[in-house]
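Read off the chains here:
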Amino acid sequence: PRVVAFMLSLAAALCKPLAAHRGAPLSSDCASNMLSVYAAGGAFPVHVDNHGGADDRRMYGCIYYMNPDHDDAAGGAFVPWRRKIEGVLDDARDLEPRSAVAPRGDRLVVFEADTLAHSVEAYRDDAYRRYALTVWILADEDGAIPRRDGWRPLSPTATHAGMA
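The model shown is predicted, which means the values in this text are computed figures rather than measured ones.

Participant: I keep staring at the overall build of the chain and nothing clicks. Help me out?
Facilitator: When you go through the chain residue by residue, the secondary structure sums to two helices and eight strands. Helices and strands appear in the chain in the N-to-C order α-β-β-β-β-β-β-β-β-α. Expressed as a percentage of contacts within the chain between residues at least 6 apart in sequence, the contacts between residues at least 24 apart total 83%. With an accessible surface of roughly 9000 Å², the chain has 53% of that area assigned to carbon and sulfur atoms.

Participant: Honestly, unusual backbone geometry in this entry has me stumped. Any pointers?
Facilitator: Leaving glycine aside, a negative phi is the common case for residues, and trans is the common case for peptide bonds. Backbone geometry at D106 places phi at a positive 65 degrees, although glycine is not the residue there. Within the secondary structure layout, D106 lies in the loop between β5 (95–97) and β6 (107–112). Judged by relative accessible area, which is 59%, D106 ranks as exposed.

Participant: Just to check I follow, could you spell out a nonpolar patch on the surface for this structure?
Facilitator: A surface patch of nonpolar side chains, amounting to about 270 Å² of accessible area, comprises L35, V37 and Y131. Along the polypeptide, Y131 turns up in strand β8 (residues 130–138).

Participant: What am I meant to see in the packing of aromatic side chains here?
Facilitator: The geometry of two aromatic rings is summed up by the distance between their centres and the angle between their planes. This structure, assessed with the given rule, holds two aromatic pairs. Residues F6 and Y64 carry aromatic rings whose centres are separated by 5.6 Å and whose planes lie at 65 degrees to one another, so their mutual orientation is edge-to-face. With F6 in helix α1 (residues 2–22) and Y64 in strand β3 (residues 58–65), this residue pair connects regions lying 58 residues apart in the sequence. For F6, a relative accessible area of 40% puts it in the partly exposed group. Aromatic side chains F78 and F111 sit 5.3 Å apart centroid to centroid with 45 degrees between the ring planes, which places their arrangement in the tilted category. Placement of F78 in strand β4 (residues 78–83) and of F111 in strand β6 is noted, with a sequence separation of 33 residues between them. A relative accessible area of 3% means that F78 is categorised as buried. For F111, a relative accessible area of 5% puts it in the buried group.

Calculation rules
Residues numbered from 1 in each chain as written. Predicted model: local features only at pLDDT ≥ 70, side-chain atom pairs only at ≥ 80, totals over all residues. Heavy atoms only, no water. Helix = DSSP H or I, 4+ residues; strand = E, 2+ residues; numbered from the N terminus. Contact = heavy atoms within 4.5 Å. Areas by Shrake-Rupley, 256 points an atom, 1.4 Å probe, with all protein chains shown as cover. Buried < 20%, exposed > 50% of the residue type's maximum accessible area, 1.4 Å probe, protein only. Patch = residues over 30% accessible without salt bridge, like charges linked within 9 Å, V, L, I, M, F, W, Y side chains within 5 Å. Salt bridge = Lys/Arg side-chain N within 4 Å of Asp/Glu carboxyl O. Phe/Tyr/Trp six-rings, centres within 6.5 Å; stacked < 30°, edge-to-face > 60°.

This is the structure we're talking about:
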């Protein structure tokens, strides 16, 4: 409960500077969150958290890793992806991975939830679990959802479709 309260207060504190970065109002009500626990073999394919649903107001994701003794060899890293060719994005094959971010304890990753394609590489530690708490910062409910120029959703993966 304390770590959830910490993340919600941190996300609320980030709201103002991220709204300035985005150039649009964001809600200080971070009502959407998720705890992820990965055992050995756990992974998540490339996806964009907010893939364009009319009611999906998630603008930023904040992932807090709770793995104090994480060994980078265990995997489970957050992997951001970028377009191979600027302006081309029909599906995940048009993306390439960037440098992975290890899920070390007390690390925070903040990213644009509607534009950054990302994945979680396979976790390989049989002795421990990989823990991450994600909180999403939402677009303000009083206005239109602020989209980037040229924004185009990446279709949800089969995994996302199964979670809906």
